[in-house]
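For reference, the chains in residue letters:
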Amino acid sequence: MLIILPPSESKRPPPTSGRPVDLEELSFPELTKMRTRVLDALVSTSARPDAFRRLQVRPSKAAEVARNTRLLELPARPASEVYSGPLHEGLDAGGLSKGARRRAERRVVVASALWGLLRPSDRIPSYRLHVCSRLVGMDRLEPTWRTVLPEVLAAAAGPEGIVLDLRSPAYQAIGRPTGRGDRTIVLRVDQASVGRRIGDVVAKRIRGQAARQLLDSAAEPTEPDALADILAERWPVRLEAPARSGKPWTLTLTADD
């Protein structure tokens, strides 16, 4: 099983001391060349007068944009400690048991506009980069990453593995696992009383909790219905088969009001 997480816009500030990122130490070394290219472009873009426009951030984020220019110098920490948005709060990686932490290292990847893919233990600095940014000297990031990520994701999932993709459509656009469409599950969250989508922040947190439920389980689901059964221990679920070959399954969780 492979669980694909998005990054989060909110990140914990870098620690006051520690080693900087070492690109050669990150998981998925086949992405090093592209990571270097995107990183260099981000550093250059962040030093420009039009950095706010290109990075699509407000001037209130000036300190974070300036920090981008020093990404190779800043102290790094595990990716699981960097991302702090609602989904990652729901996952609460720091509270995982030893067994669940080992399973996370095998099962979880974070899809990032800067790093491509990360395992939870990969050490990175805090940064500011949205997938829709326009970096100097580069095409859009979505098609750039799509040249390399689909095959890497497919290899991480394995030939018989199932994929739970918890990303938004914007981050799914940087690459889906090649040839795994009918073994991929996307998750949606409905509100119990009215059967409609609930607020984005709450939905993200529940997606993180769903990932946590799977990591806490020692089961190794190899089919969508087996994965749904694990989540059904906590939430009412509805699993819908793909409308046509190559498309993902849809798993709907019904959350309490």
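So, how was this worked out
Chains are numbered independently. Their residues run from 1 in the order of the written sequence. A pLDDT threshold of at least 70 governs which residues receive local features in this predicted model, and a stricter bar of 80 or more applies before side-chain atom pairs are shown or counted, although totals over entire chains, interfaces and linings include all residues. Hydrogens and water molecules were not included; the side-chain quantities draw on all heavy atoms of the structure. Orientation is described by axes fitted as lines to C-alpha atoms, over the contacting stretch for helices, and by angles from 0 to 180 degrees between their N-to-C directions. Each helix is a run of DSSP H or I of at least 4 residues and each strand a run of E of at least 2, with the numbering of both proceeding from the N terminus. Should an angle fall under 35 degrees it is taken as roughly parallel, and over 145 as roughly antiparallel, whereas 65 to 115 is taken as roughly perpendicular and any remaining angle as oblique. Contacts: residue pairs with any heavy atoms within 4.5 Å of one another. Note on residue categories: nonpolar means Ala, Val, Leu, Ile, Met, Phe, Trp, Tyr, Cys or Pro, charged means Asp, Glu, Lys or Arg, and polar means any other residue, Gly included. In this scheme, strands are said to pair when DSSP sees at least two bridges between them. For each residue, the accessible area found with a 1.4 Å probe, counting protein chains only, is set against the maximum for its type, and the residue is called buried under 20%, exposed over 50%, and partly exposed in between. Patches draw on residues past 30% relative accessible area with no salt bridge. Two like charges within 9 Å are joined, as are two nonpolar side chains (Val, Leu, Ile, Met, Phe, Trp, Tyr) within 5 Å. Accessible surface is estimated by sampling points in the Shrake-Rupley manner with a 1.4 Å probe; for residues, cover comes only from the protein chains shown. By salt bridge we mean one thing: a side-chain nitrogen of Lys or Arg within 4 Å of a carboxyl oxygen of Asp or Glu. Residues counted as positive are Lys and Arg, residues counted as negative are Asp and Glu, and His and the chain ends are not counted. One atom stands in for each charge, and that atom is NZ of Lys, CZ of Arg, CG of Asp or CD of Glu.

Caption draft 1: Inspection of the packing of helix 10 (residues 200–216) against helix 11 (residues 224–231) at higher detail. With their axes 9 Å apart at the nearest point, helix 10 and helix 11 run at an angle of 100 degrees to one another. The orientation of helix 10 relative to helix 11 falls into the category roughly perpendicular. Along its contact with helix 10, which presents Ala210, Gln213 and Leu214, the element helix 11 presents Leu227, Ile230 and Leu231. In terms of residue class, the contact of helix 10 with helix 11 is built from five nonpolar, one polar and no charged.

Caption draft 2: A look at the sheet that holds strand 7 (residues 184–191). Taken together, the seven strands give an open sheet; going across it, the order is 4-3-1-6-7-9-8, and neighbouring strands pair in mixed fashion. Sheet topology places strand 4 (116–118) and strand 8 (237–240) at the edges, where each strand pairs with a single neighbour. When strand polarity is set aside, the average angle formed by the axes of neighbouring strands in this sheet is 25 degrees. As paired strands, strand 1 (residues 2–5) and strand 3 (residues 108–112) are joined by three bridges and run parallel to one another. For isoleucine 4, the partnering residue across the bridge sits in strand 3 and is valine 109.

Caption draft 3: Just helix 8 (residues 149–157), in detail. For helix 8, the full list of buried residues reads Leu149, Pro150, Val152, Leu153, Ala154 and Ala157. Lining the buried residues of helix 8 we find strand 1, strand 3, strand 4, helix 7 (141–146) and strand 6 (163–165).

Caption draft 4: Up close: a positive patch on the surface. A cluster of like positive charges, contributed by Arg146, Arg176, Arg244 and Lys247, occupies part of the molecular surface. Structurally, arginine 146 is set in helix 7.

Caption draft 5: Expanded view of the environment of alanine 47. Relative to the assigned elements, alanine 47 resides in the loop between helix 1 (32–46) and helix 2 (51–55). Residues alanine 47 and threonine 69 lie 22 residues apart in sequence; the distance between their C-alpha atoms is 6.4 Å.

Shape descriptors only; they carry no functional weight alone.
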